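# Observations on chain architecture
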Amino acid sequence: MADSQLPLWEVFTQPGHGEPHEHAGSVHAADAEQAMQNARDVYARRGEAVSLWVVASDAIIASAPGDAGPFFDPGNDKAYRHPQFYKVPRGVRVF
Amino acid sequence: MTAPSVAGKREEIIANPLFEYLLRLGDDRLVLGHRMSEWCGHGPILEEDIAMANIALDLVGQGSALLKLAGETEGAGRDEDALAYFRSEPEFRNAQMLELPKGDFAFTMVRQFLFDAFSVLQWDALATCTFAPLAGIAAKALKEDRYHLRHSSDWMLRMGDGTEESHARAQKALNHLWRFTGELFESDAVDAAVHAQGIVVDLAAIQSRWQQTVFDVVGRATLAVPPAGATSSGGRRGRHTESLGHMLAEMQIVARSHPGAKW
């Protein structure tokens, strides 16, 4: 069904200083200022955030479901791409 | 003393000016907050519905804090619930503008804007008063109301400079509300008495700054400031429009039907 509402915006909240902004959800809004206010009212009204980003949803380039095979499956059997794969030599301090 | 009975009555009314002053502040927020809460579940879109519920909760919270403090000041054992739910219409001290029915979205938002622009200035002055409990409430409420003003100013611009219909509705609301705005800046013996207690709010200065904000936003919204004319007031002395009684009946019925109930 076509979305008859205002344009969609993705909302990112930063839960604390120095932490990454994380995707919280989306809001409808006519423009950036209204998107910011709606994001504040919907996702930050209970003190969940110290900073907000809003991004027009159509500005996000997303991977297609059909890309999942070539994009992600090859990573599953290559344990050596994780640093934990390698043994730490004796004498190296582990933090 | 042979003071005329009118003067005697007047003295009786302001026997406790601080209590009276706090009622005025608290009733403004409680009544406007209740009117705003009537939008809950009826907002134009989900996001705005949540925004209006947030604003309503902020205002009711401010009203609650102020009425609690008023009750303590009165010293007669009345708490914020007693003052909110067990006073009748003539005992309410809110400005008349705030009790008018919520109307359409334009009416609600124009009223909110006119009050927000006033309220931030009032809190700004009260945040530095020497009556510490009130200064504390003011500092917290100032932050809330600055956001309310940002939200309502934004809607003024959107409606005024929006479609033909939104412009017409916003202008109609502004015209209707204009005569009620003067009451916000009226001062009387209560203001003079609390001035002596360290609560100094220069309403003339606030009015001039309020006009700057309102004229600026109304102008940018391509709306017209209505001409000065007759003003309607009396709320500070318990004279209200017919709307308040209906509103209180709904607001108070649960508390009055089940006095002392806890939930």
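Cut-offs and rules
- Residues numbered from 1 in each chain as written.
- Chains lettered and ligands numbered in written order.
- Predicted model: local features only at pLDDT ≥ 70, side-chain atom pairs only at ≥ 80, totals over all residues.
- Heavy atoms only, no water.
- Helix = DSSP H or I, 4+ residues; strand = E, 2+ residues; numbered from the N terminus.
- Rg over C-alpha atoms; globule rule 2.2 N^0.38 Å.
- Buried < 20%, exposed > 50% of the residue type's maximum accessible area, 1.4 Å probe, protein only.
- Contact = heavy atoms within 4.5 Å.
- Lys, Arg positive; Asp, Glu negative; His and termini not counted.
- Charge placed at Lys NZ, Arg CZ, Asp CG, Glu CD.
- Areas by Shrake-Rupley, 256 points an atom, 1.4 Å probe, with all protein chains shown as cover.
- Phe/Tyr/Trp six-rings, centres within 6.5 Å; stacked < 30°, edge-to-face > 60°.
- Lys NZ or Arg CZ within 6 Å of the ring centre and 35° of its normal.
- Expected span 1.5 Å × (residues − 1).
- Bend = angle between axes of the 7 residues up to and from the residue.
- Buried area = accessible area lost by both parts, 1.4 Å probe.
- Salt bridge = Lys/Arg side-chain N within 4 Å of Asp/Glu carboxyl O.
- Polar contact = N/O pair within 3.5 Å; in protein donor to acceptor, adjacent residues only side chain to side chain.
- Patch = residues over 30% accessible without salt bridge, like charges linked within 9 Å, V, L, I, M, F, W, Y side chains within 5 Å.
- Pairing = 2+ DSSP bridges.
- Axes fitted to C-alpha atoms, helices over the stretch in contact; angles between N-to-C directions.
- Core = buried A, V, L, I, M, F, W, Y, C linked by side-chain atoms within 4.5 Å.

### Let's talk about the overall build of chain B
Helix and strand counts for chain B stand at 10 helices and 0 strands. Walking chain B from its N terminus toward its C terminus, one meets helices and strands in the order α-α-α-α-α-α-α-α-α-α. Radius of gyration (C-alpha) of chain B: 18 Å, near the 18 Å computed for a compact globule of 263 residues. Seen through its principal axes, chain B has C-alpha atoms that stretch 60 × 45 × 35 Å. Buried residues in chain B amount to 52% of all 263 residues. Relative to all contacts within chain B whose residues are 6 or more apart in sequence, the contacts with residues 24 or more apart total 82%. Here chain B holds 26 positive side-chain charges and 35 negative ones, and the gap between their average locations is 1 Å.

### What to know about the overall build of chain A
On a plain count of helices and strands, chain A comes out with 2 helices and 3 strands. Seen along its three principal axes, the alpha-carbon backbone of chain A occupies a region of about 60 × 35 × 20 Å. Evaluated residue by residue, chain A yields a buried proportion of 25% over its 95 residues. A fraction of 39% describes how many contacts in chain A between residues 6 or more apart in sequence connect residues 24 or more apart. Per element, the accessible surface of chain A, about 7,100 Å² overall, is 58% carbon and sulfur. Across chain A, the centroid of the 8 positively charged side chains sits 19 Å from that of the 12 negatively charged ones.

### Notes on the packing of aromatic side chains
Summed over the entire model, instances satisfying the criterion amount to 10 aromatic pairs over all chains. Here the aromatic rings of Phe71 of chain A and Phe72 of chain A are separated by 5.6 Å at their centres, their planes lie at 80°, and the arrangement is edge-to-face. Phe71 of chain A gets classed as exposed once you look at its relative accessible area, which sits at 52%. Between Tyr80 of chain A and Phe85 of chain A the ring centres are 6.3 Å apart and the planes differ by 75°, which places this aromatic pair in the edge-to-face class. Judged by its relative accessible area of 47%, Phe85 of chain A falls in the partly exposed class. Of the aromatic side chains, those joined through ring pairs into one cluster are Phe115, Phe118, Trp178, Phe185 and Trp210 of chain B. Stacked on the ring of Tyr147 of chain B, the Lys or Arg Arg40 of chain A has its end atom at 3.8 Å from the ring centre. Over the ring of Trp39 of chain B we find Lys102 of chain B; its NZ or CZ atom is 5.2 Å from the centre of that ring.

### Remarks on helix 6 (residues 132-160) of chain B
Here helix 6 of chain B contains 29 residues, and its C-alpha end-to-end distance of 40 Å stays within 8% of the 42 Å for a straight helix at 1.5 Å per residue. The principal kink in helix 6 of chain B, of about 25°, is found at Leu142 of chain B.

### Quick look at the interface of chain B and chain A
If you look at the interface, chain B gives 12 residues, while chain A gives 15 residues. Together chain B and chain A conceal approximately 1,200 Å² of surface at their shared face, both sides included; 43% is due to carbon and sulfur atoms. Looking only at chain B, the three residues that lose the most surface to chain A are Glu47, Tyr147 and Arg158 of chain B, adding up to 45% of its buried area. In this assembly, chain B and chain A are joined by 2 salt bridges. Note that Asp31 of chain A and Arg158 of chain B form a salt bridge whose closest N and O atoms lie 2.8 Å from each other. Linking chain B with chain A are 7 residue pairs in polar contact (both at pLDDT 80 or more). Looking at the side of chain B that touches chain A, the elements with two or more residues in it are helix 3 (46-74) and helix 6 of chain B.

### Focus on unusual backbone geometry
Although it is not a glycine, Thr222 of chain B adopts a positive phi angle of roughly 60°. Residue classification places Thr222 of chain B among the partly exposed positions, given a relative accessible area of 42%.

### Focus: a nonpolar patch on the surface
Side chains of Tyr80, Phe85 and Tyr86 of chain A sit close together on the surface and give an oily, nonpolar patch of about 360 Å² of accessible area. Take Tyr86 of chain A: it is sitting in the segment after helix 2 (68-72).

### Some details on the sheet that holds strand 2 (residues 22-28) of chain A
Residues and elements named next belong to chain A. With respect to topology, 3 strands assemble into an open sheet ordered 2-1-3, the strand pairing being antiparallel. Of all strands in the sheet, those bounded by a partner on one side alone are strand 2 and strand 3 (51-56). Across the sheet, the axes of successive neighbouring strands diverge by a mean angle of 30°, strand direction being ignored. Sheet topology places strand 1 (residues 8-14) next to strand 2; 6 bridges connect them, and they run antiparallel. What sits directly across from Val11, in strand 2, is Gly25. With respect to the sheet, helix 1 (residues 32-43) is in contact with strand 1, strand 2 and strand 3, its orientation differing from that of strand 2 by roughly 115°.

### Things to note about the nonpolar core
Core analysis: the largest hydrophobic core is formed by 76 residues, its most contacted members being Leu114, Leu134 and Ile199 of chain B. No other element matches the 14 residues that helix 5 (residues 105-126) of chain B contributes to this core. Setting aside residues up to four positions removed in sequence, Leu114 of chain B forms contacts with Met97, Leu174, Leu177, Trp178, Thr181, Leu184, Trp210 and Val214 of chain B. Ala29, Ala39, Ala44 and Leu52 of chain A belong to the second largest nonpolar core, which has 11 residues in total.

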